[in-house]
Amino acid sequence: MTLRPFAAPGTPARWVRPRSFRLSHLALDITIDLDAQRVEGTVAHRVEFLPHGEGRTTIELDQEDLAIAAVAVDGREARWSLAPGRLLVAVPDCTGDACTVTVRFSSERPAKGLIFVPAGPDTVAMAWTQGAMEDHHHWFPCWDDPNNLCTFQVAVRHRAQFQAIANGDRSGRVEHGDGWATTTYVQPRAHVLYLLNLVVGDLVEVVDPGGPVPIAHWLPRGHQDKALAMFRATDFAIRWLGEFTGTPFPWTRYGHAVVHRFLWGGMENTTLTTITDRVLMDAATQERDDLDCDALVIHELVHQWYGDLMTMKGWSDIWLNESFATWLEARCSAAWRAEREGVAPAAELARALWANRAAYLAEDGGRYRRALVTNRWDDAYELFDRVAYEKGSLVLELLAGQLGEPRLRAAVALYTRRHAHGLVETADWRRALEDATGEPLDWWFDQWVMRAGHPLLKVRYQHDPRRGVLSVTVEQTHEGEPWRLALELAWAGGGSARLTVDQARTSVVLPCPLAPAWVAADPADRLP
């Protein structure tokens, strides 16, 4: 079978974007006018120059079709210029090792990043942000790349009849007496820019009592009665994930903002996940139609650790976000259903992984084939596919089977602890696995992470009643080098064996006095 390549021949490699400085804090002081669909105000970036970095004369920020009114460095007017997609700010020689760059800007109806929704028969007035992949620079000047972590403060002036919510903790709301109010949020724990979240609109808060951290959900007015049914898995998932990862929930609070016209199911912004209004449903609807958004809620919660607490340094390593989220979504959902409905967690997990396998194989067989990690792509959106989500979840579950649950859990705990509030790449996950288990995994990452596709096996067996043995032959029928596999066999009567398969053809003879009615290769369906 010949599949088209994921990236066209000649597609240049994408490398992590270099920078000679660190943006340590971002402060937005803005007005959002829902009627005019306009945002204006200032953004202040705290810039810290790296000790041995080059180029302290210019700060480069991203911007797209913004109106720039003024730029200042440490409160003094600065020289600046625009280039395609960029704002270039001249930095005086006297700034030392750090400075604050403040930009006054405005934008009407941004093409991306900040979406305005007018009030209508089925919508309330609102505006919401979506930073991933790199869309915030369409509504304010910023370093729009995951290769930076900073803290945030957002002060937004808005019509007083509306609410404004953002990441972190609300530090205050001031009523101005003229029909406008200013709400301020502070996020003191650093994360990447694309996770910045801001929603303004006719929203109602519903507090979810009893969680390990404060939990509140924001829904369009008229739908607030649905909150506790929709987000019923939240408290359980926070506790389960804290225990599994060895790291308690890493943020000060959590909740959801339900918005109209959202592009996807959810977005894992720190402390405040955005959720589509397509999942608005009450408890009666859930019961009658056997529908819920539990898996979506759990998936986005996993990201509060894998994607938010630690974020891939560049989009090429997106599997460190999405594969982890899909894998732990399956595991946590199985545990949740076991507690809520009494189902067998192992069977529920197997069902979820079976669905993941089917989704991955459908894409692999009909569209293209790519490795989990690749740096050749035209747009980062292309990387959010069945490989990053479903195949990655199968690969991680395969690793669990190979290492055993205790050793895998130890590696997960070490990885999470070691890289909390940091940027990661695939080598960091491998290093944590090896440090925690003593198991060299260079070969495993080479074939399951850096190699496209999967092995294709043809298994034959024959029973010899005279000798009382079972002869098994395994052929690797795919193109290219053989894979290195631990293949489980089981047969009727309770027999089992584990084969090391690392040749194009492997044959073994196993003791088996009676002819088995069946023989199963990979009976637990661990191999992708």
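The text that follows walks through the structure, step by step, so that each part is easy to find. (Residues numbered from 1 in each chain as written. Predicted model: local features only at pLDDT ≥ 70, side-chain atom pairs only at ≥ 80, totals over all residues. Heavy atoms only, no water.)

1. Some thoughts on the overall build of the protein chain
Per the secondary structure count, the protein chain includes 10 helices and 30 strands. The C-alpha atoms of the protein chain give a radius of gyration of 26 Å, which matches the 24 Å a tight globule of 528 residues would have. Looking at the 528 residues of the protein chain, the share that counts as buried comes to 55%. Contacts in the protein chain between residues far apart in sequence, at least 24 positions, make up 68% of those at least 6 positions apart. (Helix = DSSP H or I, 4+ residues; strand = E, 2+ residues; numbered from the N terminus. Rg over C-alpha atoms; globule rule 2.2 N^0.38 Å. Buried < 20%, exposed > 50% of the residue type's maximum accessible area, 1.4 Å probe, protein only. Contact = heavy atoms within 4.5 Å.)

2. Section: the layout of surface pockets
Computed from the structure, the largest pocket encloses a volume of approximately 1,100 Å³. If you trace the largest pocket, you find 47 residues lining it, with D294, A295, L296, H299 and E329 closest to the centre. Contributions of two or more residues to the lining of the largest pocket are made by β20 (266–267), α3 (283–289), α4 (294–303), α5 (319–341), α6 (345–366) and α7 (387–403). Residue contributions to the lining of the largest pocket peak at 11 residues, all from α5. (1 Å grid on protein atoms, 1.4 Å probe; cavity = no way out; pocket = protein on both sides within 12 Å on 5 of 7 lines; lining within 4 Å. Points joined across faces, edges and corners; volume = space filled by probe spheres on them.)

3. Some thoughts on the pattern of salt bridges
What the rule picks out here adds up to 32 salt bridges. Among the ionic pairs, E175 bridges to R173, the shortest N-O distance being 2.6 Å. On the basis of relative accessibility, which here comes to 25%, the residue R173 falls in the partly exposed class. Between E405 and R331 there is a salt bridge, with its nearest N and O atoms 2.5 Å apart. Within this pair, whereas E405 is found in helix α8 (residues 405–418), its partner R331 is found in helix α5, the two being separated by 74 residues in sequence. Look at E405 and you get partly exposed, because its relative accessible area is 30%. The buried category is assigned to R331, whose relative accessible area is 11%. What emerges from the salt-bridge pattern is a single network uniting R17, E60, D62 and R86. (Salt bridge = Lys/Arg side-chain N within 4 Å of Asp/Glu carboxyl O.)

4. With respect to α6
Taking 1.5 Å as the rise per residue, α6 with 22 residues should run 32 Å; its terminal C-alpha atoms sit 32 Å apart, in good agreement. Residues of α6 that are buried in the fold lie against α5, β23 (368–369) and α7. (Expected span 1.5 Å × (residues − 1).)

5. Thoughts on the nonpolar core
Residues L28, I32 and F140 are the most contacted members of the largest nonpolar core, which totals 75 residues. If you tally residues by element for this core, the top one is strand β2 (residues 21–33), at 6 residues. Contact partners of F140, with chain neighbours within four places excluded, come to L26, L28, V43, D62, L66, F105, L193 and L196. The next biggest cluster of nonpolar side chains, apart from the first, holds 72 residues, and it includes F244, I298, L433 and L527. (Core = buried A, V, L, I, M, F, W, Y, C linked by side-chain atoms within 4.5 Å.)

6. Remarks on the packing of helix α2 (residues 234–245) against α8
In contact at an axis separation of 8 Å, α2 and α8 are set at 100° when each is read in the N-to-C sense. In terms of their interaxial angle, α2 and α8 are classed as roughly perpendicular. Listed contacts from α8 to E243, F244 and T245 of α2 are E405, R409, V412, A413 and T416. A per-class count over the contact of α2 with α8 returns 3 nonpolar, 2 polar and 3 charged. (Axes fitted to C-alpha atoms, helices over the stretch in contact; angles between N-to-C directions. Parallel < 35°, antiparallel > 145°, perpendicular 65-115°, else oblique. Nonpolar A, V, L, I, M, F, W, Y, C, P; charged D, E, K, R; others polar.)

7. Here's the deal with the packing of α2 against α4
Two packed helices can be described by the angle between their axes and the distance between those axes. The contact between α2 and α4 brings their axes to 10 Å, and the two run at 40°. Relative to α4, α2 is oriented oblique. Remark: the crossing between α2 and α4 carries right-handed chirality. For the pair α2 and α4, the contacting residues are T234, A237, I238 and L241 in the first and V297, I298, L301 and V302 in the second. For the contact of α2 with α4, the residue count by class is 7 nonpolar, 1 polar and no charged. (Left-handed = near helix turned anticlockwise from the far one by under 90°.)

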